[in-house]
Amino acid sequence: MSLKAQAEKIGFQIIGELTRRMDMEPSHLYQCYYDEAANKYILHRGILTIVAADGRVY
């Protein structure tokens, strides 16, 4: 399932374009992205965790 599809499934909307931040990835098992509203999207082994700009975790 894509990052966008996972975010929509939990009711979270990606704002603007996603930018990958490889400098924020602790290992090759992680992918880290930010959207234009400074929300952070972390994929770890295909499972999405979202840290909203206000600090809430999804």
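Our subject is the structure that appears above.
Everything quoted here is computed from the prediction, not taken from an experiment.

Novice: Teacher, can you tell me more about the sheet that holds strand E3 (residues 40-44) here?
Specialist: Strand pairing in a sheet takes place through backbone hydrogen bonds and is either antiparallel or parallel in direction. Spatially, E1-E2-E3-E4 is the arrangement adopted by the four strands of the open sheet, whose pairing is antiparallel. Each edge of the open sheet carries a strand with a single partner, namely strand E1 (19-20) and strand E4 (47-51). As paired strands, E3 and E4 are joined by five bridges and run antiparallel to one another. Bridging across to E4, Lys40 finds its partner in Val51.

Novice: Honestly, unusual backbone geometry in this entry has me stumped. Any pointers?
Specialist: Trans is the prevailing form of peptide bonds, just as negative phi is the prevailing case for residues other than glycine. Its identity as a non-glycine residue notwithstanding, Ala38 has a phi of 70°, on the positive side. The topology assignment puts Ala38 in the loop between strand E2 (30-34) and E3.

Novice: I keep staring at the packing of aromatic side chains and nothing clicks. Help me out?
Specialist: Describing an aromatic ring pair means giving the distance of the ring centres and the angle of the ring planes. Using the criterion set out here, one finds two aromatic pairs in the structure. Considering the side-chain rings of Phe12 and Tyr41, the 6.0 Å spacing of their centres and the 75° angle between planes classify their relative orientation as edge-to-face. Of this pair, Phe12 sits in the loop between helix H1 (3-9) and E1 while Tyr41 sits in strand E3, and the two are 29 residues apart along the sequence. For the residue pair Phe12 and Tyr41, the accessibility class agrees, reading buried in each case. Taken together, the ring pairs in this structure connect Phe12, Tyr41 and Tyr58 into an aromatic cluster.

Reading the values: the criteria
- Position labels on residues start from 1 in each chain and follow its written sequence.
- Where totals are concerned, whole chains, interfaces and linings use all residues; where local detail is concerned, this predicted model gives features only for residues with pLDDT of at least 70, and gives and counts side-chain atom pairs only at 80 or more.
- As a convention, hydrogens and water are excluded, and side-chain values are obtained from all of the structure's heavy atoms.
- Two strands are said to pair when DSSP picks up at least two bridges between them.
- Each helix is a run of H or I in the DSSP string that is no shorter than four residues. Each strand is a run of E no shorter than two, and both are numbered from the N terminus.
- Here the aromatic set is Phe, Tyr and Trp, taking the six-membered ring for Trp, and pairing holds for ring centres within 6.5 Å; pairs whose planes are under 30 degrees apart are stacked, those over 60 apart are edge-to-face, and all others are tilted.
- Throughout this description, buried means an accessible area under 20% of the type-specific maximum (1.4 Å probe, protein chains only), exposed means over 50%, and partly exposed covers the range between.

By themselves, these observations are geometric and do not establish any function.
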